[in-house]
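# Architecture at a glance
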Amino acid sequence: MAMQPTTAEVLAGNPWFRALPEGLARSILDQGRIRRLTDEVIYAAGDPPNGVFALISGEIRVIQTTPEGRSALLMIASPGAWFGEAAMIDGLPRTSDAVAVGRAVVLHLTPAAFHRLTADSREHYAAFARLVCEQYRRAMEYIVTTANLPVAIRLAQRLVGLAQAHGHRSSAGVTIDLRLSQETLAEMIGVSRQTLNRAARTLETQGIITAGYRTVTVTDPVALEALARRRTLPAFLS
């Protein structure tokens, strides 16, 4: 049986954590609390800041809801991902919900631990500020690069990322090991469920994916990755 990676090994897979000064990285591991969750809300929009979190195993979804009640899935975290850092920097209430889907293990830096790490060290505080900036830059890059892309290409890009982070190989292809509904996928690429459904059916017709009940299997990873790199739809998908 394969041994499970340690907390330090999981976090070392994250570029931000890997680049930290050795002393700060060690202090985060020493002061972070391991929490085991099952289908739990970690924080909700409007809550005061309750710390910084890193996913060690399982699945975390970060969701934001507009005043009109429309939800947007901002992130499905993969192990090693950090979340919740922005509110600890500006001290303002949470603007999104973070929810454990199924069983998950997180490293939790409580507000007290965060302040112990940063109160007397500009270097440590700047490191967490860089994390906020990195998350912001990635979000902006995604918005700019996908805003005008056809829905099928945006769907392909999301599925490639999800397959890399959460997929497992089988005889049928690469199955994305998440409870993915059509509503969830639609939220991730910012379209209606009907629009998402049409794009997914197009990819299915071409033998690129197979959509089941809350699962997606990438049956032709090469074709999906080629589509994800395009700016316009190929003729057979138009």
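Residues numbered from 1 in each chain as written. Predicted model: local features only at pLDDT ≥ 70, side-chain atom pairs only at ≥ 80, totals over all residues. Heavy atoms only, no water.

Let us now look at the environment of Ser-78. By the secondary structure assignment, Ser-78 is in the loop between β5 (71-77) and β6 (82-83). Separated by 20 residues in sequence, Ser-78 and Gly-58 place their C-alpha atoms 7.6 Å apart. Apart from the residues lying within four places of it in its own chain, the contact partners of Ser-78 are Leu-55, Ala-165 and His-166. (Helix = DSSP H or I, 4+ residues; strand = E, 2+ residues; numbered from the N terminus. Contact = heavy atoms within 4.5 Å.)

It is worth spelling out helix α7 (residues 151-166) at this point. Along its 16 residues, α7 runs 22 Å from first to last C-alpha, staying within 8% of the 22 Å computed at 1.5 Å per residue. Among the 16 residues of α7, twelve are classified as buried, and the element is accordingly described as predominantly covered. Within α7, the full set of buried residues consists of Val-151, Ala-152, Ile-153, Arg-154, Leu-155, Ala-156, Arg-158, Leu-159, Val-160, Leu-162, Ala-163 and His-166. (Expected span 1.5 Å × (residues − 1). Buried < 20%, exposed > 50% of the residue type's maximum accessible area, 1.4 Å probe, protein only.)

Attention now goes to the sheet that holds strand β4 (residues 60-65). Taken in spatial order, the four strands line up as β2-β7-β4-β5 in an open sheet, and their pairing is antiparallel. The strands lining the two open edges of the sheet, one partner per strand, are β2 (41-43) and β5. For this sheet the average axis-to-axis angle between neighbouring strands, irrespective of direction, equals 30°. In terms of strand pairing, β2 meets strand β7 (residues 97-100) through two bridges, oriented antiparallel. Of the residues in β7, the one forming a bridge with Val-41 is Val-99. Where helix α8 (residues 182-189) meets the sheet, its contacts fall on β4 and β5, and the angle it forms with β5 comes to roughly 95°. (Pairing = 2+ DSSP bridges. Axes fitted to C-alpha atoms, helices over the stretch in contact; angles between N-to-C directions.)

Let us now look at the sheet that holds strand β3 (residues 52-57). Spatially, β1-β8-β3-β6 is the arrangement adopted by the four strands of the open sheet, whose pairing is antiparallel. The open sheet terminates on both sides in strands that have one partner only, identified here as β1 (33-38) and β6. In terms of strand pairing, β3 meets strand β8 (residues 103-109) through five bridges, oriented antiparallel. Its bridge partner being in β8, Phe-53 is matched across the sheet by His-108. Contacting β1, β6 and β8, helix α3 (residues 22-31) crosses the sheet at an angle of about 120° to β8.

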